[in-house]
Amino acid sequence: MANAAIATGEPTRPKYGSMSRDRTWALRWSYFFLVLFAIFFLMPPIYMLITSLKTSAEISAATNPWWISNPTLQNYIDLLSQNHFLVFFRNSAIVSICVVIMTMLISVVAAFALARMKFWGSATLATGVFLTYLIPETLLFIPLFKMFAWVNEVLGIQLMNHWWTMIILYPTLTVPFATWIMIGYFASIPKELDEAALIDGATWMQTLTKIFIPVALPGIIAATIFTFTVAWAQFLYPLAFTTSTSELVLPVGIITTLIKGDVFNWGQIMTGALLGAAPPLIIYAFLMDYYIAGLTAGATKG
Amino acid sequence: MAQVTLRKVVKKYDEVLAVRGIDLDISDKEFIVLVGPSGCGKSTTLRMIAGLEEISGGDIAIGGHVVNDVPPKDRDIAMVFQNYALYPHMNVYENMSFGLKLKKTPKDVIDQRVKQAAQILDITELLDRKPKQLSGGQRQRVAMGRAIVRDPKVFLFDEPLSNLDAKLRVQMRTEIKKVHQKVRTTTVYVTHDQVEAMTLADRVVVMNGGLIEQVGSPNDLYHSPATKFVAGFIGSPAMNFITCQLEQAAGALRVRLNDTLSFPVPADRTARYTPHVGQPNLMLGLRPEHIMETRPHTEPNQHDFDMLIDVVEPMGMETLVYFTVNGREICGRVNPNAGAAAAQSMKLRADLSNMHLIDDSTGKVL
């Protein structure tokens, strides 16, 4: 009897809000903040683009800074026909590419050893690697001056005022972080995978090259992009250690050659900054999917 | 010939003894299953045979050669892991041929062996798929294929079926047995599932607390367990253990469970059990299938007793009944048509011809 009574009765409907309406509101709020965020971060590059298309006269005139009355490519033509700018660009490119290669060669192997080949002190070393990343570079360039002087005295090699010195310097910033990213990435690869390779007859080096590097490719690409960005945008070290125009890299070059005394050539500065920002932007665009996959690796299973 | 011999093998992690000196002889072509609860040292033992763990003491020999310091790749073994450990960036063919390629085996030999193994395992049409495009069962097959193509002296399986669902597990179990019958390679298989151990093994090694409790054929372990641990571990539902006393009356022995329950001991066991009359800490071990309903039209005998049933679990082909004796829950297996019902009294019969008498202080079966 009791069963029959339950079966014939209508189920009660307690009042709740609509699930889809809740979701719509959540989406509206997220769009609102995302748009705010996008405006905030896109404003400077857009301002750079607008200014780079103006003449010096228009820039200094008291008109609407967000409007171009007489668009011109003169800034681009001037900058690209200057030999300096191309030299800075070349220096930056060579330095960045060499730094990426050096960093990846060191940090992939180091991370593999630290993450996988359990040896005495490996955990402490892994922490140590990360701690070195925490030391601000501003604290390092005075000791580096002393070291350069010592190298010059003892070995007779002048490291000051050469663009290639940056190839030795930047890895001190990039290797710890790239190694740290890679340790995390390698640690997320199941242990059985290298054990299987070990039983299959692979040496440690073969395990690294044939199993770990292909499997960890997203992580390696993430580390590569990071390294390139750091090397490309590095400002403090080249400012401190290079002075001759032919030895400058792009970020320092633009500032030192386009600001003469108190005369700011805003049009060309903006053009140079915009052109300088292009290579990392292009690399990001191509490798974005890998980059995101790399940074979120191991967050969830499969 | 590939016997595997373990002599006084010890594994110590810092201060913890994971394996406490075990001896084991595995003969050529034998299928050995190491079984035990988690933390009993079975996986550690397997990994020591594989060379993935260094041994802290004793000797391990494969095919008559001590391999204590031989790296895994030179031990001529193949291992199948619980999570398959397939190389995710390689397709099935590359996964299976990886080991042979590293050994610089000629291409045509590799091709022939991979195709042959694929045929044995029925995965020929999967050869150019990536692991992530395969189901759990298919991945397990590929992992086995990777082991087979290398034609090793010994196969090692580390809980290979634990990640599969129940139905597939039963299917793959049969598959593994078939493969072993085809390739006849010495096999060491680790599992915590005693059913898997019973169904697959030529001999089962029951481990507990880093020691071997008993080695024997599945039937031996089931019918003649050496210890209380083995008696309780093998068989599902587990053996019932009831505190008891052994009494002598008129030349015959009786097991007394409490004031109201006592059963005569079968005559053929009298001589064996007589020394233990009056001994404290005795336990009667009786499997659920040896507690059944009394059949109608049979003579009432001294093994019958009435019991209030607590819980009834119909299983289809049989019904499990649970009741309480001496404060312990006891399980019996009765015919589904016997009319068992919870909170009702039922007439049951204990078949003591398969009883075990256990000294609870030593854990030994007497």
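All figures in this text were calculated on a predicted structure; none of them were measured in a lab.

A. Region of the structure containing the overall build of chain B. A tally of regular secondary structure across chain B gives nine helices and 22 strands. Seen through its principal axes, chain B has C-alpha atoms that stretch 80 × 45 × 35 Å. Across the 366 residues of chain B, 38% fall into the buried class. Sequence-distant contacts, at least 24 apart, represent 67% of the contacts inside chain B between residues at least 6 apart.

B. View of the interface of chain A and chain B. Taken residue by residue, the interface counts 14 residues in chain A and 17 residues in chain B. The set of elements that each furnish at least two residues to the side of chain A that touches chain B consists of helix H10 (191-200) and helix H11 (204-215) of chain A. Considering each element in turn, the side of chain A that touches chain B owes the most residues, seven residues, to H10 of chain A. Among the residues making up the side of chain A that touches chain B, the classes are represented as nine nonpolar, two polar and three charged.

C. Fine view of the domain arrangement of chain A. Residue and element names in this part refer to chain A. Along its sequence, chain A is carved into domain 1 (17-72) and domain 2 (74-295). Here domain 1 and domain 2 have C-alpha centroids that lie 31 Å from each other. Listed as interface residues are nine residues of domain 1 and, on the opposing side, eight residues of domain 2. Residue assignment for the side of domain 1 that touches domain 2 shows that the elements contributing at least two residues are helix H2 (19-52) and helix H3 (56-60). The greatest single-element share of the side of domain 1 that touches domain 2, amounting to four residues, is contributed by H2. Per-class residue counts for the side of domain 1 that touches domain 2 are three nonpolar, five polar and one charged.

D. Region of the structure containing the sheet that holds strand S20 (residues 345-350) of chain B. Residues and elements named next belong to chain B. Judged by pairing direction, the sheet is antiparallel, and its three strands sit side by side in the order S15-S20-S16 without closing on themselves. Across the chains shown, the open sheet's two edge strands, defined by having one partner strand only, are strand S15 (291-293) and strand S16 (304-308). Direction aside, neighbouring strands of the sheet carry axes that sit 45° apart on average.

E. Structural view of the domain arrangement of chain B. Per the domain assignment, the segments making up chain B are domain 1 (4-226) and domain 2 (240-365). The C-alpha centroid of domain 2 of chain B is placed 40 Å from the C-alpha centroid of domain 1 of chain B.

F. Just the nonpolar core, in detail. Among the nonpolar cores identified, the biggest contains 151 residues, and Val 33, Leu 156, Val 188 and Val 205 of chain B are the most heavily contacted of them. Counting residues per element, this core draws most heavily on helix H5 (residues 83-116) of chain A, at eleven residues. Among all residues touching Leu 156 of chain B, those that are not within four sequence positions of it are Leu 46, Ile 49, Ala 50, Ile 77, Met 79 and Val 188 of chain B.

G. Just the environment of Leu 126 of chain B, in detail. Residues and elements named next belong to chain B. Tracing the sequence through the fold places Leu 126 in the loop between helix H3 (107-121) and helix H4 (136-149). Remark: the alpha-carbon pair of Leu 126 and Thr 191, spanning 65 residues in sequence, is separated by 28 Å. Setting aside anything within four residues of it in sequence, one finds Leu 126 in contact with Val 92, Leu 134 and Gln 138.

H. Region of interest: the confidence of the model for chain B. Mean pLDDT over chain B works out to 89, with 100% of the residues at or above the 70 mark. Both confidence scores are given for the complex: pTM 0.80, ipTM 0.81.

I. Molecular detail of the sheet that holds strand S22 (residues 364-365) of chain B. Residue and element names in this part refer to chain B. If you walk across this open sheet you meet the six strands as S13-S12-S11-S14-S21-S22, and the pairing is antiparallel. On the outer flanks of this sheet lie strand S13 (262-264) and S22, each paired with one strand and no other. Direction of pairing for strand S21 (residues 356-359) relative to S22: antiparallel, over a ladder of two bridges. From the neighbouring strand, Ile 358 faces S22, where its bridge partner is Val 365.

J. Molecular detail of the confidence of the model for chain A. Residue and element names in this part refer to chain A. Per-residue confidence for chain A averages 85 on the pLDDT scale, and 93% of its residues sit at or above 70. Within chain A, helix H1 (residues 2-8) has the poorest average pLDDT of any element, 51, and H5 the best, 92. A low-confidence stretch, residues 1-5 stays under pLDDT 50, and its non-local contacts, those more than four residues away or across chains, total zero contacts.

Rules used in this analysis
- Residues numbered from 1 in each chain as written.
- Chains lettered and ligands numbered in written order.
- Predicted model: local features only at pLDDT ≥ 70, side-chain atom pairs only at ≥ 80, totals over all residues.
- Helix = DSSP H or I, 4+ residues; strand = E, 2+ residues; numbered from the N terminus.
- Buried ≥ 20, exposed ≤ 12 C-beta atoms within 10 Å, placed from the backbone.
- Contact = placed C-beta atoms within 7 Å.
- Nonpolar A, V, L, I, M, F, W, Y, C, P; charged D, E, K, R; others polar.
- Domains from an automatic or database assignment.
- Pairing = 2+ DSSP bridges.
- Axes fitted to C-alpha atoms, helices over the stretch in contact; angles between N-to-C directions.
- Core = buried A, V, L, I, M, F, W, Y, C linked by C-beta atoms within 7 Å.
- pLDDT = per-residue confidence, 0-100.

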